[in-house]
Amino acid sequence: MRIETGKSITIIGAGLAGALLAILLARRGWRVDVYEKRGDPRVKGYEGGRSINLALAERGRNALRHADADDEVMKQAVMMRGRMVHSLDGRQQLQRYGRDDSEVIWSIHRGDLNIVLLDLAQQAGAHLHFHQRLDAVEFEARNARFVDDRDGSSHSVDFTALVGADGAGSSLRAAMMRQHDLGERTDFLDHSYKELEIPPAADGGFQIEPNALHIWPRGRYMCIALPNDEKTFTFTAFLPNLGEPSFASVKTGTEARALFERDFPDAIALIPELEQDWERNPPGLLATLTLDRWHLQGRAVLLGDGAHAMVPFHGQGMNCAFEDCVVLARKLEAHTDLTEAFAAFEAERKPNASAIQQMALENYLEMRDRVDDPDFLLQRDLEQQLQERHPGRFVPHYTMVTFMLIPYATALLRSDIQREILVEATRGLDSLANVDWQAVDAQVLARLDVLVDAA
């Protein structure tokens with residue numbers, strides 16, 4: 001089907017990616033219809049799934065700038081300069097993400113961000129349809145049936161092409177799977193998470209340092225806290241599903257308090273509703289979703305969590321999904337054939353999604369096991385020294401992923417090389433005083449080209 005005759009797209013899901021894609025395409029003159037199974041959050045309040053605060057990084061902000069949404073979103077964002085590591089003995093250490101305040105990430109509430117993007121999508125001319133759950137798709141006939149779960153009523157609509165922006169449990173992906181095997185695999189992490197809240201202080205301010213992502217690393221498990229603009233923190237505990245401690249062994253509020261008194265004593269006073277929240281909030285699952293194929297010819301394509309859900313430990317799920325939207329919009333403008341556009345989108349994004357999924361899993365091990373490990377801290381010091389000695393050539397892993405727009409696959413490849421250099425150079429050392437700088441510099445020059453950021 002030639003899209004210049006229609007330039008019409010139907011998006012399933014009015015969450016973050018669906019709303020952003022609607023803005024991008026509507027402003028390019030497309031007829032955009034967005035169908036969402038839930039109600040309009042601007043009317044009835046946000047009723048999303050996971051509410052883990054989102055870390056907005058450069059990739060996400062770049063996509064928001066494409067949609068002229070960055071200024072509005074940043075009004076509600078809270079700067080995070082680095083990781084504030086809370087040791088068991090109560091000591092705190094800030095590990096900066098970048099060199100200065102030009103290299104930071106931002107904490108943003110999922111619901112607030114969604115509402116901003118929906119407003120902008122509607123202003124751009126997108127047609128938003130709420131309480132419309134995708135029930136069935138006739139791909140050959142290009143017809144989709146939607147159900148309103150409030151009264152069970154249903155209706156059918158014709159479409160040119162469907163875009164699945166409806167999350168890890170994508171209804172469109174399920175419909176596509178009934179038509180063609182996409183090679184779906186879901187690998188569940190043997191850990192889950194539970195959300196609690198740190199309320200504002202008595203004076204209405206933040207209880208702890210607001211401009212940081214707080215981490216309580218304890219080996220096989222950890223807690224984190226991200227700031228909100230209403231002076232609260234979303235506090236999240238990550239525990240194994242089995243063992244001691246785990247969500248199997250820590251079920252009641254009393255058991256949770258005992259765990260915190262032993263392993264997170266400085267956090268207890270921050271969470272007055274600890275016992276109640278622990279018993280009230282169910283654990284959330286963590287998984288990595290991979291597919292062999294993201295599209296069905298020119299009829300349907302998946303993006304974001306619907307195509308490549310990942311664990312949240314690199315803070316890149318949303319940023320990656322937003323990059324998907326920018327690339328898909330570009331491919332739809334560059335190709336007059338929908339099948340070609342969807343294939344080109346998948347070819348560009350699939351290896352990069354795979355790379356960030358791998359790096360997100362690796363970052364969990366780093367956050368819970370290594371941020372207070374002497375070997376890791378020494379390698380981190382060397383990484384910063386090499387960044388200064390070889391600017392543009394030795395670029396820290398976190399910088400490549402979070403502050404640059406280079407492909408994730410490139411960041412993964414270079415990170416693996418750089419990790420080998422750091423480990424070899426610090427093996428058997430407890431300080432940088434005895435580093436063989438001549439050998440290290442030679443390795444950097446031989447193995448790493450000057451890195452140029454993507455546009």
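Keep in mind it's a predicted model, so treat the numbers as computed, not measured.

(A) How the structure looks around the overall build of the protein. Helix and strand counts for the protein come out as 16 helices and 19 strands. Counting only C-alpha atoms and orienting by the principal axes, one finds that the protein spans roughly 70 × 55 × 40 Å. Within the protein, buried positions represent 56% of all 455 residues. Long-range contacts, defined here as pairs at least 24 residues apart, represent 70% of the contacts in the protein between residues at least 6 apart. For the protein, the accessible surface area stands at approximately 18,900 Å², while carbon and sulfur atoms represent 47% of it. For the protein, the centre of its 50 positive side-chain charges and the centre of its 69 negative side-chain charges are spaced 3 Å apart.

(B) Looking closely at the packing of aromatic side chains. Across all of its chains, the model carries 15 aromatic pairs by this definition. Seen in terms of ring centroids, F206 and F233 are 5.5 Å apart; in terms of plane orientation they differ by 70°. Their pairing is edge-to-face. In this pair, F206 sits in the loop between strand 13 (185-198) and strand 14 (213-217) while F233 sits in strand 16 (residues 233-240), placing the two residues 27 residues apart along the sequence. In this structure an aromatic cluster arises from ring pairing among W216, Y221, F235, F247, F260, F264 and W278. The ring of Y408 carries the charged tip of R59 above its face, separated from the ring centre by 4.1 Å. One Lys or Arg, K194, reaches over the ring of W278 and ends 5.3 Å from the middle of that ring.

(C) A look at the pattern of salt bridges. Going through the model one piece at a time under the given rule, you end up with 35 salt bridges. Across the pair D277 and R280 runs a salt bridge, and its minimum N-O distance is 2.3 Å. One end of the pair is D277 and the other is R280, both in helix 9 (residues 274-280) and three residues apart, which spans about a single turn. Taking the relative accessible area as the measure of exposure, D277 reaches 9% and is therefore buried. Among the ionic pairs, R389 bridges to D441, the shortest N-O distance being 2.6 Å. Of this pair, R389 sits in helix 13 (residues 374-389) while D441 sits in helix 16 (residues 437-447); the two residues are 52 residues apart in sequence, bridging distant segments of the chain. Overlapping salt bridges bring together R59, E323, D324 and R349 as one network.

(D) Region of the structure containing the nonpolar core. Counting residues in hydrophobic clusters, the biggest one holds 79 residues, and the most contacted among them are V32, L117 and L172. A per-element tally of this core places helix 1 (residues 16-26) first, with 10 residues. In this structure, V32 is in contact with I9, I11, A22, L25, A26, A126 and H127, ignoring residues within four places of it in sequence. Core analysis: the next-biggest nonpolar cluster, separate from the first, contains 23 residues, Y221, F264, L270 and I271 among them.

(E) Expanded view of the pairing of strand 13. Where strand 13 lies against strand 17 (residues 284-290), six bridges are found, and the strand directions are antiparallel. By the bridge assignment for strand 17, F188 is matched with A287. As judged from the eight bridges shared by strand 13 and strand 16, these two strands associate in the antiparallel manner. Paired with E197 across the bridge in strand 16 is T234.

(F) Here's a closer look at the pairing of strand 2 (residues 31-35). Most of strand 2 is tucked away, with four of its five residues classed as buried. Of the pairings in the sheet, the one linking strand 1 (residues 8-12) to strand 2 comprises five bridges and is parallel in character. The residue bridging I9 from the neighbouring strand is V32, located in strand 2. In this region the chain leaves strand 1, passes through helix 1 and returns to the parallel neighbour strand 2; the handedness of that crossover is right-handed. Examined bridge by bridge, strand 2 and strand 8 (residues 127-129) share three bridges and lie parallel to one another.

Cut-offs used in this document
Residues numbered from 1 in each chain as written. Predicted model: local features only at pLDDT ≥ 70, side-chain atom pairs only at ≥ 80, totals over all residues. Heavy atoms only, no water. Helix = DSSP H or I, 4+ residues; strand = E, 2+ residues; numbered from the N terminus. Buried < 20%, exposed > 50% of the residue type's maximum accessible area, 1.4 Å probe, protein only. Contact = heavy atoms within 4.5 Å. Areas by Shrake-Rupley, 256 points an atom, 1.4 Å probe, with all protein chains shown as cover. Lys, Arg positive; Asp, Glu negative; His and termini not counted. Charge placed at Lys NZ, Arg CZ, Asp CG, Glu CD. Phe/Tyr/Trp six-rings, centres within 6.5 Å; stacked < 30°, edge-to-face > 60°. Lys NZ or Arg CZ within 6 Å of the ring centre and 35° of its normal. Salt bridge = Lys/Arg side-chain N within 4 Å of Asp/Glu carboxyl O. Core = buried A, V, L, I, M, F, W, Y, C linked by side-chain atoms within 4.5 Å. Pairing = 2+ DSSP bridges. Right-handed = clockwise from strand over helix to strand, strands pointing away.

Functional significance is not addressed by these values, which are geometric in nature.
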